[in-house]
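If you want the building blocks of each chain, they are given just below.
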Amino acid sequence: MKTSMLAASMMAALCGGAFAQTGTYTVRQLTPETALKAARGALEDCRKRGFQVAVAVVDRAGVAQAMLRDRFAGPHTVSTAINKGWTAVSFRTDTLELAQATAGAGGSAGIRQLPNVVAVGGGVNIQAGGTTVGAIGVSGAPGGEADDACAKAGIAAIRDELEF
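Residues numbered from 1 in each chain as written. Predicted model: local features only at pLDDT ≥ 70, side-chain atom pairs only at ≥ 80, totals over all residues. Heavy atoms only, no water.

Asker: Provide a residue-level description of the environment of Phe91, including the pertinent values.
Answerer: One can find Phe91 in helix α3 (residues 76-91). Residues Phe91 and Ile111 lie 20 residues apart in sequence; the distance between their C-alpha atoms is 9.8 Å. Among residues more than four places away in sequence, those in contact with Phe91 are Leu98, Ile111, Leu114 and Val117. (Helix = DSSP H or I, 4+ residues; strand = E, 2+ residues; numbered from the N terminus. Contact = heavy atoms within 4.5 Å.)

Asker: Got a sec to walk through the pattern of salt bridges? Specific residues and values, please.
Answerer: Applying the stated rule across the entire model yields five salt bridges. Close ionic contact of Lys84 with Asp147 constitutes a salt bridge, the shortest N to O distance being 2.8 Å. Of this pair, Lys84 sits in helix α3 while Asp147 is found in helix α5 (residues 144-158), placing the two residues 63 residues apart along the sequence. Taken individually, Lys84 and Asp147 each receive the classification buried, so the pair is uniform in this respect. (Salt bridge = Lys/Arg side-chain N within 4 Å of Asp/Glu carboxyl O. Buried < 20%, exposed > 50% of the residue type's maximum accessible area, 1.4 Å probe, protein only.)

Asker: Describe the pairing of strand β1 (residues 54-59), with residues and values.
Answerer: The element β1 is largely enclosed, with a buried count of six among its six residues. Here β1 shows no split at all, with Ala54, Ala56 and Val58 on one side and Val55, Val57 and Asp59 on the other all buried. In textbook terms, the turn of a hairpin is the stretch between consecutive antiparallel strands, and for β1 and strand β2 (residues 64-69) this stretch comprises four residues, one of which, Gly62, has a positive phi near 90°. Two strands pair when backbone bridges link them, and β1 and strand β4 (residues 131-139) are joined in this way by six bridges, in the antiparallel orientation. Looking across to β4, one finds that Val58 is bridged to Ala135. (Pairing = 2+ DSSP bridges.)

Structural data, given as structure tokens:
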């Protein structure tokens, strides 16, 4: 008994405490109300700019949590907004940055060929307490920079509700 406990203690010490961890962990998630508030903030910002868009807020796994589509936003904007959010959380990079990093024929260009990847501005990660809790995707404004600006306005709408 003493030998096995000593061996377990030594293994834990040698492995940097990997065996000392529990079998579960806690994650932070946006509430549905907060996700919807972010989506509304982005939609309102785009409307003020004269853009008809779709807005999706995805959770940290890239699953859609809230979705709004303005009445004249094209039908393609729904899936594009969701996929922009998914792309941002999947690559832990805002899609405007990913678009620039994967442009041309460089080694990273192949990322654009993966299913559901949208390497166009408008997917922005939502951070709270130093961790990604989700992302917001906007589609339908004239260009990725405009989508990106609306997405950031959505995050600004919930900034007081996020822990920093």
